[in-house]
Amino acid sequence: MSESEYCPGCSHSHLQGLLREIFQERGLTERLMGVVGAGCSQDLGKYFDFPVIKAPPGLAPAVAAGIKRTTPDRLVFTYQGDGDLGSRGLDALIHAALRGDSITVLCLNNQVMAGSGGQMSITTRTGQVTTSTRLGRSTARAGSPLKLAEMVARLPVAFSQRVSLHESDFVKRARLALRDAFDYQENGQGLSFVEVLGICPPYWHQSPEEAQQSLKQSLVRHNPAGIFKGVTMIR
Amino acid sequence: MIISAQRKSLSGFEVVIEAALKAGSQSYFAAPSPFQALLLNEGAMRFEEHHGSFIQAESPAAALAMAMGASAVGSVPLVTVNEQDFLQLQEVLSYCCLQSRPLVLVVVANGPPGMERNWLQFQSLAYFFQPLLGTGSPLVSYLPSSLQELWQHMGLAFDASLKRSQPVLLLLDPLLLMQQGPVQLSPLPSVKQRERELTKNGQSLMPYESLSICLEWPCEHVWLAMGVLGEWLLQLHKSDWNILCPQSLSPFPKQALREALAEAPEGEQTVINVIEYQGPFLFQQLQNILPEFNLRSHILTAAPEPLGLEMKLATLLNTACQPERKRDV
């Protein structure tokens, strides 16, 4: 395991720590295969031993579908950011969900295009300051944000949940959600989607503590955490 | 069940799918688009019959992305696309090249991107060179000229793809897609249960001669054509014409060409008549590949047909040989 190269306070390292914990606990590492998209998420392969494929921007769910159909016994997950999943490759996600491919799609939603330097992304909340919306995102000029977990829940998926990483209670729930997501895949019940709300202190122009506070506020105002869809799990 | 009869009448699209199954491909991905859909219809049925995986993708880029994933776990997938969709694919194809994923990409050249019409007709070689030069990586590109060659080239493509661990292009003329005729279903090198071996680029890719030749010296004219046009020329059976028909664009069989032309009687400067449709695309490439030969470009302005081709070529030769007349204004 190498030293993390993420910024201080970044949610990527936090989420990857949770994933590592789950993989080791379940002993999944031999069957796992990760697919990453473009952006900050593409460094995933550095920190894990199982094969991680770099997909073309936005097409990670399609690559994962190809892997899953060819070798159904593997556990395939995509690890994408909100810019990659929501802006470039929403069609790949929707079609994978409609086809009922049993893959796990993890989206770290930090509400900003962090990999390219902090521009507005599709999930940037109204009023948020980014490098391309200096006065805050205005719905009149830049449109409304997309609510990913709610949107995916309307599709024929097995599981769709939004979790957050700002408080220990929420981190516990995030861990449970990630476990459930891989269980749904193991049962072959369909696509499982987990949207993880995270922080990006440098491009939110805040300290990590302030960023956690503003994530807490945005959770109440814009993006409620919760399970939006969960079919009965086969035990 | 794979067809086991040795000789069977098949259409071009059936040949592609049968050969892929015979070569041991396990997965097939495609998105519907005009004329290439023939392959999709056939492949969807045959691959599912054969317990392979098939996904009808939402877009050609997604189809290639799926193949990229499938080849990451040991399969050598087949992807078919349209010429017009190829531009959208380039990005994903570059990813496949950089990550050295073995897969076979069949490109149906049914028209250039941005063309107003989408007819099934004879295509200029420009649209074969475009996929070849687009990615920036030198890819192996086969260009079969008859159904039997298509069968052989499909096997070779899977073999070369696995050996070199890179995508291989098979450029399919739309006329060949629809053509029906007897095909000898000869055994193909199977990709199943074979360890992936990386070989150097210098390795010969064509176990048999990569050049269809009809050479008899002394002769009146030497012709060079590619694809279906080359096959038509070979079928003319003119005793005083020498015909060269290369079977792959990349790597180009320049060694075989030089050996074939070395037998020419001395003292004569052999003129190679390069014949093609619409523009001097092949001629420009050949000028770089074979600088030592005397090449002459002939361009057909109308789409050629096998009937009356001989007359057309004779007129082309006459106009080329006559000295240029001054035009009266």
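Preceding this section is the structure that the text describes.
Residues numbered from 1 in each chain as written. Chains lettered and ligands numbered in written order. Predicted model: local features only at pLDDT ≥ 70, side-chain atom pairs only at ≥ 80, totals over all residues. Heavy atoms only, no water.

(A) Spotlight on the overall build of chain B. Helices and strands together make up the secondary structure of chain B, namely 11 helices and 14 strands. Taking the contacts inside chain B whose residues are at least 6 apart along the sequence as the reference set, 77% of them involve residues at least 24 apart. (Helix = DSSP H or I, 4+ residues; strand = E, 2+ residues; numbered from the N terminus. Contact = heavy atoms within 4.5 Å.)

(B) A look at helix H3 (residues 60-72) of chain B. Residues and elements named next belong to chain B. An ideal rise of 1.5 Å per residue puts 18 Å on 13 residues; H3 measures up with 18 Å between its terminal C-alpha atoms. Among the 13 residues that make up H3, 12 are buried, leaving the element largely enclosed by the rest of the structure. Regarding H3, the residues found buried are Pro60, Ala61, Ala62, Ala63, Leu64, Ala65, Met66, Ala67, Met68, Gly69, Ala70 and Ser71. Glycine 74 lies just past H3 and shows a positive phi near 105°. (Expected span 1.5 Å × (residues − 1). Buried < 20%, exposed > 50% of the residue type's maximum accessible area, 1.4 Å probe, protein only.)

(C) Summary view of the sheet that holds strand E3 (residues 75-81) of chain A. Residue and element names in this part refer to chain A. Across the sheet, which stays open at both edges, the seven strands sit in the order E2-E1-E3-E4-E6-E5-E7 with mixed pairing between neighbours. This sheet does not close on itself; its edge strands, each paired only once, are strand E2 (52-54) and strand E7 (226-230). Along the sheet, successive strands turn relative to each other by an average axial angle of 20°, direction set aside. Judged from the four bridges that link them, strand E5 (residues 159-164) and E7 form a sheet pairing that is antiparallel. By the bridge assignment, serine 160 is partnered in E7 with lysine 229. (Pairing = 2+ DSSP bridges. Axes fitted to C-alpha atoms, helices over the stretch in contact; angles between N-to-C directions.)

(D) View of the interface of chain A and chain B. The partner chain B presents 22 residues to the 21 residues of chain A that form the contact. Taken over both partners, the interface formed by chain A and chain B buries close to 1600 Å², and the fraction arising from carbon and sulfur atoms is 70%. Of all residues in chain A, A:Pro56, A:Arg69 and A:Thr70 give up the largest surface area on contact with chain B, accounting jointly for 27% of the area buried on that side. For the pair chain A and chain B, the number of links is two salt bridges. The partner of A:Arg88 in a salt bridge is B:Glu91, and the shortest N-O contact between them spans 3.4 Å. Elements supplying a minimum of two residues to the side of chain A that touches chain B: E2, helix H3 (60-70) and helix H5 (90-99) of chain A. (Buried area = accessible area lost by both parts, 1.4 Å probe. Salt bridge = Lys/Arg side-chain N within 4 Å of Asp/Glu carboxyl O.)

(E) Structural detail: the nonpolar core. Core analysis: the largest hydrophobic core is formed by 74 residues, its most contacted members being A:Leu191, A:Phe193, B:Leu64 and B:Leu105. With nine residues, the top contributor of residues to this core is H3(B). Inspection of this core shows a minimum of three residues originating in each of domain 1 (7-184) and domain 2 (211-321) of chain B. Residues B:Val15, B:Leu150, B:Leu170 and B:Val183 belong to the second largest nonpolar core, which totals 58 residues. (Core = buried A, V, L, I, M, F, W, Y, C linked by side-chain atoms within 4.5 Å. Domains from an automatic or database assignment.)

(F) Here's a closer look at the packing of H3(A) against H5(A). Residues and elements named next belong to chain A. With their axes 8 Å apart at the nearest point, H3 and H5 run at an angle of 30° to one another. Classified by the angle their axes make, H3 and H5 are roughly parallel. Two secondary-structure elements touch here, H3 through Pro61, Ala62, Ala65 and Arg69 and H5 through Ala92, Leu93, Ala96 and Arg99. Its residues assigned to classes, the contact of H3 with H5 shows six nonpolar, no polar and two charged. (Parallel < 35°, antiparallel > 145°, perpendicular 65-115°, else oblique. Nonpolar A, V, L, I, M, F, W, Y, C, P; charged D, E, K, R; others polar.)

(G) How the structure looks around the packing of aromatic side chains. All names here are of chain A. Here the structure, examined in full by the defined rule, presents 12 aromatic pairs over all chains. Judged by centre distance (5.8 Å) and plane angle (45°), the ring pair of tyrosine 6 and tyrosine 47 falls under tilted. Of this pair, tyrosine 6 sits in the segment before helix H1 (11-26) while tyrosine 47 sits in helix H2 (residues 44-47), placing them 41 residues apart in sequence. Neither residue differs from the other here; tyrosine 6 and tyrosine 47 are each classed as buried. (Phe/Tyr/Trp six-rings, centres within 6.5 Å; stacked < 30°, edge-to-face > 60°.)

(H) View of the environment of B:Ala264. Residue and element names in this part refer to chain B. Considering the arrangement of structural elements, one finds alanine 264 in the loop between helix H9 (254-262) and strand E13 (271-277). Between the C-alpha atom of alanine 264 and that of tryptophan 217, which follows or precedes it by 47 residues, the distance is 6.5 Å. With residues up to four places along the chain from it excluded, the contact list for alanine 264 reads Trp217 and Thr270.

(I) Structural detail: helix H8 (residues 168-186) of chain A. All names here are of chain A. The terminal C-alpha atoms of H8, which comprises 19 residues, lie 27 Å apart, in line with the 27 Å expected from a rise of 1.5 Å per residue. For H8, the full list of buried residues reads Phe170, Val171, Ala174, Ala177, Leu178, Arg179, Ala181, Phe182, Asp183, Tyr184 and Gln185. A positive backbone phi angle near 70° is found at glycine 188, which sits one or two residues after H8.

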